[in-house]
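Fold and geometry: a report
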Amino acid sequence: MTTDRIRSARLSLVPLAAADADEMVGVLSGDALYTFTGGSPPSLGELRARYAQLAAGRSPDGREEWRNWILRREPGRTAVGYVQATVVDGGTRAEIAWVVGLSWQRQGFAAEAAQALVAWLDERGVTIIQAYIHPDHAASAAVARRAGLVPTGRSDYGEHLWLRTRPGRDPVPGG
């Protein structure tokens, strides 16, 4: 279970709880959020079930550590999105993702949150940080770049791998 709060200039990254679904269902309701990822906005019941699972903090087999935070704008604590990190390989590698609701996009919240998340992962000794981004999603590519990730030229399932490694590490996992 994620217990650490992360702070940035305008955001508090608050550990996700199942009860956050009630507010987040509205944040995640815009169909346009799913243009590059596929799918559709979750129902409240779907989101409650998903958040209950994620709040456990680990995959059922125990091989993945799930870290999830709700992005809350300060002041006011309005939820504007979320960030997540799936930590594997004994805590040395993390795959990150971010989503900001349509009403709060184009204000730098995703980049600010991703930068704060990468710094938090760095403090915990994570040496490889990666994200998969749709090749046409310029906004997410810009967020990744601002968080210190670079494109690798590798693609999986139609998405490009972006990566940030500490010196002395293999630049492409498995490669």
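Structure: see above.
Residues numbered from 1 in each chain as written. Predicted model: local features only at pLDDT ≥ 70, side-chain atom pairs only at ≥ 80, totals over all residues. Heavy atoms only, no water.

This part takes up the sheet that holds strand β6 (residues 128–133). Spatially, β1-β2-β3-β4-β5-β6-β8-β7 is the arrangement adopted by the 8 strands of the open sheet, whose pairing is mixed. Across the chains shown, the open sheet's two edge strands, defined by having one partner strand only, are β1 (6–7) and β7 (150–156). In this structure, β1 lies alongside strand β2 (residues 11–15), joined through 2 bridges in antiparallel fashion. Counterpart to Ile6 in the pairing with β2 is Leu13. In the packing of helix α3 (residues 109–123) onto the sheet, the strands contacted are β1, β2, β3 (65–73), β4 (78–88), β5 (93–100), β6 and β8 (159–165), and the crossing angle to β5 comes to about 160°. (Pairing = 2+ DSSP bridges. Helix = DSSP H or I, 4+ residues; strand = E, 2+ residues; numbered from the N terminus. Contact = heavy atoms within 4.5 Å. Axes fitted to C-alpha atoms, helices over the stretch in contact; angles between N-to-C directions.)

It is worth spelling out unusual backbone geometry at this point. Note that the residue after Glu74, namely Pro75, is joined by a cis bond; omega there is -5°. Assignment of secondary structure puts Pro75 in the loop between β3 and β4. Of note, the phi angle at Arg106 is positive, near 65°, even though the residue is not glycine. Tracing the backbone through its elements, the reader meets Arg106 in the loop between β5 and α3. Its relative accessible area of 85% is what places Arg106 among the exposed residues. Of note, the phi angle at Tyr157 is positive, near 55°, even though the residue is not glycine. Positionally, Tyr157 belongs in the loop between β7 and β8. (Buried < 20%, exposed > 50% of the residue type's maximum accessible area, 1.4 Å probe, protein only.)

Moving on to helix α2 (residues 44–54). Looking only at α2, the buried set comprises Leu47, Tyr51 and Leu54. Buried residues of α2 fall within an arc of 60° about the axis and therefore sit on the same side. Exposed and facing more than 90 degrees away from the buried side of α2 are Glu46 and Ala49. On its buried face, α2 sits against α1 (21–27) and β3. (Arc of directions from axis to C-beta.)

What follows covers the pairing of β6. Burial runs high along β6: 5 of the 6 residues are buried. Here 3 bridges tie β5 to β6, and the two strands are oriented parallel to one another. Residue pairing across strands places Ala94 opposite Ile129, the latter belonging to β6. Running through α3, the crossover from β5 to the neighbouring parallel element β6 is right-handed. (Right-handed = clockwise from strand over helix to strand, strands pointing away.)

This part covers the environment of Pro42. Take Pro42: it is sitting in the loop between α1 and α2. On a C-alpha basis, the gap between Pro42 and Arg63 in space is 26 Å, while along the polypeptide they are 21 residues apart.

Let's shift gears to the pattern of salt bridges. Under the criterion given, the structure shown has 12 salt bridges. Its salt-bridge partner being Arg63, residue Asp61 comes within 4.0 Å of it at the nearest N-O pair. Residue classification places Arg63 among the exposed positions, given a relative accessible area of 66%. In this structure, the salt-bridge partner of Asp156 is Arg154, at a minimum N-O distance of 3.2 Å. The exposure class of Asp156 is partly exposed, given its relative accessible area of 23%. Residue Arg154 is classed as partly exposed on the basis of its relative accessible area of 29%. The structure contains a network of salt bridges with shared partners spanning Asp4, Glu123 and Arg124. (Salt bridge = Lys/Arg side-chain N within 4 Å of Asp/Glu carboxyl O.)

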